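Breakdown of the fold
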Amino acid sequence: SIQSPKIPPIAHPPHPTYLCSHMSGCYTKTLVLLVAIFASLSSMLHAQGEFDPGDYNTLRVENEIKMVVPQPLIDSVWDYLVMRYKDPSSFLMGIDSSLHAVFAEDLFHDQYFDNDTFLLARMQSGVRHRSREVLTDSLSAKNGRELMQIKINHIDGNALNRGEFKYPVHHYKPGGKVKEYDDHPFLGLVKRKRRPEIMQQLKAYGIDALTLAPTIVIRQYRKRLYVYSDSTAFATLTLDIDTAYFNGEQYAFTELEMELNEISYTLGDTARRAAMESKNAMFQQDLLAQFPAIHQDQTPKYNKAARAFGIDPQNGLYGKGGFPWLIVIICAGIVGGVGVFFWRMRRARG
């Protein structure tokens, strides 16, 4: 199982008595202490890595290959990945001698939000409240973490790229001081001081945050392997066993996502990004050679589920929920044809 990052302890300040008895070196020691504390905090933030680069409300670029895995192949695909990537992996070392992998399992609960016209579904984008359980490491800093995420499709000319913004979630207890939007089904989950940011960011994409309400829930059991280049995260290969829920219905599907580390990719220049994408393409080619029944499909999970549930009838994007205009036209043609036939017969008799 994946190991938690080693976080160096924060140095404790010297006792005041010690400082007073060493006045000649007091300022120097204090300066050294502050530097040590700052370095330690920096190491902790680097180890967390959740919000690098930047902070909340910062655009990160996700580059991932999404593939549909037929249900009968789930176990075989995972067994192959374990065999192929488990240390020592001759496959990874053949691509790059610095690459190695560790394995983990997670459980995600994603509550999606949209407006009454399913604008985000039509944009192939999404807004979701994500909670995470790390099944293989209950002590992980990410175990129990909750985030509000905005996922934006078509951010540039690369079909594999999506934009992501993250915001902190806070559950305000009843009985305290009530602030604006605390009772809103979407904004009420976002930390109060971050609400103006997420509202502004959504507005930039033509979305009114006040119109968003819960729609689809997707629960994901994730079997994943983290690929590292030495000690730096490089990519994640995730077998997602998904179940979507909406209006009492449910829909099961499975994906394999090959995602480059968003921090390294976002910060990388053109050459760095191309080199990362090239290695990820090798991961994909190897898997498809073994399992030709797997096929690539970049449709977001939210849209896959929406299509299954017939969501977005307004513009006829999804057949199940859309109004059956073709059938109506055919029926109208038949009725019209029959009417003309009988009208002509009546005229002939008259």
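Above: the structure in question.
Structural notes, computed from the coordinates. Keep in mind that this is a model prediction, so the values were computed, not measured.

A few points about the environment of Asn 280
Mapped onto the elements, Asn 280 comes out in helix H8 (residues 270-290). Distance in space between the C-alpha atoms of Asn 280 and Ile 65 is 8.2 Å, their sequence separation being 215 residues. In contact with Asn 280, not counting residues within four places along its chain, are Asn 63, Ile 65, Met 258, Glu 259 and Leu 260.

Some words on the packing of helix H3 (residues 74-85) against H8
Here H3 crosses H8 at 130 degrees, and the two axes come no closer than 11 Å. Between H3 and H8, the crossing angle belongs to the class labelled oblique. Remark: the crossing between H3 and H8 carries right-handed chirality. Contacts between H3 and H8 pair Val 77, Tyr 80, Leu 81, Arg 84 and Tyr 85 from the former with Phe 283, Asp 286, Leu 287 and Gln 290 from the latter. Classifying every residue of the contact of H3 with H8 by side-chain character gives six nonpolar, one polar and two charged.

Section: the side chain of Gln 220
With respect to the helices and strands, Gln 220 occurs in strand S6 (residues 213-229). A distance of 2.5 Å separates polar atoms of two side chains, one belonging to Gln 220 and the other to Asp 110. Of note is the side chain of Gln 220, whose polar atom sits 3.3 Å from the side chain of Arg 222. In contact with Gln 220, other than residues within four places in its own chain, are Asp 106, Leu 107, Phe 108, Asp 110, Arg 130, Asp 240, Ile 241, Asp 242 and Lys 301.

Structural notes on the environment of Gln 284
Positionally, Gln 284 belongs in helix H8. With a relative accessible area of 12%, Gln 284 lands in the buried category. It is 7.7 Å that separates the C-alpha atoms of Gln 284 and Met 258, two residues lying 26 residues apart in sequence. Residues contacting Gln 284, with those up to four places away along its chain left out, are Ile 65, Met 67, Met 258 and Gln 296.

Section: the pairing of strand S4 (residues 146-153)
Summarising burial for S4: seven of the eight residues are buried, a large majority. Judged from the six bridges that link them, strand S3 (residues 126-134) and S4 form a sheet pairing that is antiparallel. Of the residues in S4, the one forming a bridge with Arg 128 is Gln 149. Relative to strand S5 (residues 161-168), S4 runs antiparallel, the two being bridged by seven bridges. Residue pairing in the sheet places Leu 147 in a bridge with Pro 168 of S5.

Thoughts on the pattern of salt bridges
Side-chain pairs of opposite charge can arise whenever the charged atoms involved come near each other. Applying the stated rule across the entire model yields 21 salt bridges. For Glu 62, the salt bridge identified is with Lys 151, shortest N-O distance 2.6 Å. Taken together, the positions of Glu 62 in strand S1 (residues 60-68) and Lys 151 in strand S4 put the pair 89 residues apart, joining distant regions of the chain. Note that Lys 66 is salt-bridged to Glu 257, the shortest N-O span being 2.9 Å. Here Lys 66, found in strand S1, pairs with Glu 257, found in strand S8 (residues 249-260); they are 191 residues apart in sequence, far enough to count as distant. Judged by its relative accessible area of 4%, Lys 66 is buried. Under the relative-accessibility criterion, Glu 257 is labelled buried at 6%. By sharing partners, the salt bridges in this structure join Lys 66, Arg 222, Asp 240, Glu 255, Glu 257, Lys 301 and Lys 304 into a single network.

Quick word on helix H9 (residues 301-309)
Burial analysis of H9 places seven of its nine residues in the buried class, which makes it a mostly covered element. Every buried residue of H9 is listed here: Lys 301, Tyr 302, Asn 303, Lys 304, Ala 305, Ala 306 and Phe 309. Following H9 by one or two positions, Gly 310 has its phi on the positive side, about 75 degrees.

Observations concerning helix H6 (residues 195-204)
Of all the positions in H6, only Arg 195, Ile 198, Gln 201 and Leu 202 are classed as buried. For H6, the angular spread of buried residues about the axis comes to 135 degrees, placing them on one side. In H6, the exposed residues that point more than 90 degrees away from the buried face are Pro 196, Gln 200, Lys 203 and Ala 204. As for H6, its buried residues are in contact with S3, S4 and S5. Gly 206 occupies a position one or two residues after H6 and carries a positive phi of about 80 degrees.

Concerning unusual backbone geometry
The peptide bond linking Asp 87 to Pro 88 adopts the cis configuration, its omega dihedral lying at -10 degrees. Here Pro 88 lies in the loop between H3 and helix H4 (90-95). Phi at Gln 124 is positive, roughly 55 degrees, even though this residue is not glycine. Relative to the helices and strands, Gln 124 resides in the loop between helix H5 (119-122) and S3. With a relative accessible area of 26%, Gln 124 lands in the partly exposed category. Backbone geometry at Asp 230 places phi at a positive 55 degrees, although glycine is not the residue there. Accessibility expressed as a relative area gives 54% for Asp 230, which makes it exposed.

Analysis parameters
Residues numbered from 1 in each chain as written. Predicted model: local features only at pLDDT ≥ 70, side-chain atom pairs only at ≥ 80, totals over all residues. Heavy atoms only, no water. Helix = DSSP H or I, 4+ residues; strand = E, 2+ residues; numbered from the N terminus. Contact = heavy atoms within 4.5 Å. Axes fitted to C-alpha atoms, helices over the stretch in contact; angles between N-to-C directions. Parallel < 35°, antiparallel > 145°, perpendicular 65-115°, else oblique. Left-handed = near helix turned anticlockwise from the far one by under 90°. Nonpolar A, V, L, I, M, F, W, Y, C, P; charged D, E, K, R; others polar. Polar contact = N/O pair within 3.5 Å; in protein donor to acceptor, adjacent residues only side chain to side chain. Buried < 20%, exposed > 50% of the residue type's maximum accessible area, 1.4 Å probe, protein only. Pairing = 2+ DSSP bridges. Salt bridge = Lys/Arg side-chain N within 4 Å of Asp/Glu carboxyl O. Arc of directions from axis to C-beta.

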